[in-house]
Amino acid sequence: GTDTGAMVGLLEDSPLDILGGSLQTPSGGRASWQRVFYLHANRLYLKATPYARLGCVNLVDICYNFFVARPQTLRDVRWDEKLKLTEHTDFFLRAKAAGVLTGVCADIVVGHRPGNDSEVYRTHRRRGVFYARMLRKWGLRALSYGPQAPEDAMPWSADDVLERLCSRPRLY
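What comes next is a walk through the structure. (Residues numbered from 1 in each chain as written. Predicted model: local features only at pLDDT ≥ 70, side-chain atom pairs only at ≥ 80, totals over all residues. Heavy atoms only, no water.)

**As for the environment of Arg 78**
Step number 1: Within the secondary structure, Arg 78 sits in the loop between α2 (71–76) and α3 (87–97).
Step number 2: Arg 78 gets classed as exposed once you look at its relative accessible area, which sits at 53%.
Step number 3: Sequence spacing of Arg 78 and Phe 91 is 13 residues, and the spatial spacing of their C-alpha atoms is 7.2 Å. (Helix = DSSP H or I, 4+ residues; strand = E, 2+ residues; numbered from the N terminus. Buried < 20%, exposed > 50% of the residue type's maximum accessible area, 1.4 Å probe, protein only.)

**Observations concerning the packing of α3 against helix α5 (residues 127–138)**
Step number 1: Packing of α3 against α5 brings their axes to within 10 Å, and their N-to-C directions diverge by 20°. Relative to α5, the element α3 is oriented roughly parallel. In terms of crossing hand, the pair formed by α3 and α5 is left-handed. Contacts from Thr 89, Asp 90, Leu 93 and Arg 94 in α3 reach Met 134, Lys 137 and Trp 138 in α5.
Step number 2: A breakdown of the residues in the contact of α3 with α5 according to their chemical character gives three nonpolar, one polar and three charged. (Axes fitted to C-alpha atoms, helices over the stretch in contact; angles between N-to-C directions. Parallel < 35°, antiparallel > 145°, perpendicular 65-115°, else oblique. Left-handed = near helix turned anticlockwise from the far one by under 90°. Contact = heavy atoms within 4.5 Å. Nonpolar A, V, L, I, M, F, W, Y, C, P; charged D, E, K, R; others polar.)

**What to know about the nonpolar core**
Step number 1: Formed by 31 residues in total, the largest nonpolar core has its most connected members in Ile 18, Phe 37, Leu 44, Phe 92 and Trp 156.
Step number 2: Only β3 (34–40), β4 (43–47), β7 (62–63), β8 (67–69), α3 and α5 provide two or more residues apiece to this core.
Step number 3: In terms of residue count, the dominant contributor to this core is α3 (five residues).
Step number 4: Apart from the residues within four sequence positions on either side, Trp 156 is in contact with Phe 37, Tyr 38, Leu 39, Leu 44, Tyr 51, Leu 93, Lys 96, Trp 138, Leu 140, Val 161 and Arg 164.
Step number 5: If you look at the next biggest cluster of nonpolar residues, it comprises 11 residues, including Met 7, Leu 19, Phe 66 and Ile 108. (Core = buried A, V, L, I, M, F, W, Y, C linked by side-chain atoms within 4.5 Å.)

Interpretation in functional terms is not warranted from these geometric data alone.
Shown next, in the form of structure tokens:
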């Protein structure tokens, strides 16, 4: 099982506010979903290259699926209840704007059961509706995952994220 005590200890002994880890896939491998935000032409790119490394921890902007956090961080940066999907991306954009430090230690692993992927479930999730809502909230054209960001795309600074968040009218 996962040693959450070790994970909490690692968080407490670091300057981080949020610490994520890796997932054990059904095939026995590991998947560590960690990204850095880049912005170019109103498209948000999520690149896998961390800012830096601190011991076993990669310093990033976002981690997916599970994390531990300092309680005050979760009190200060709340989940947007109007977003049922893409809420993770929205949460971590707002966390970055608030100056939250996020890291991932790929050595910490939890088991992962794949979710329900039935047609009924996909219809219920309404992925496209919530994806469009999150893009409108941030004034973005699209999200892109992977290394395809243009060479002149720059990491999205916390000040720029905060400015964009504050300048956007609530469209939903």
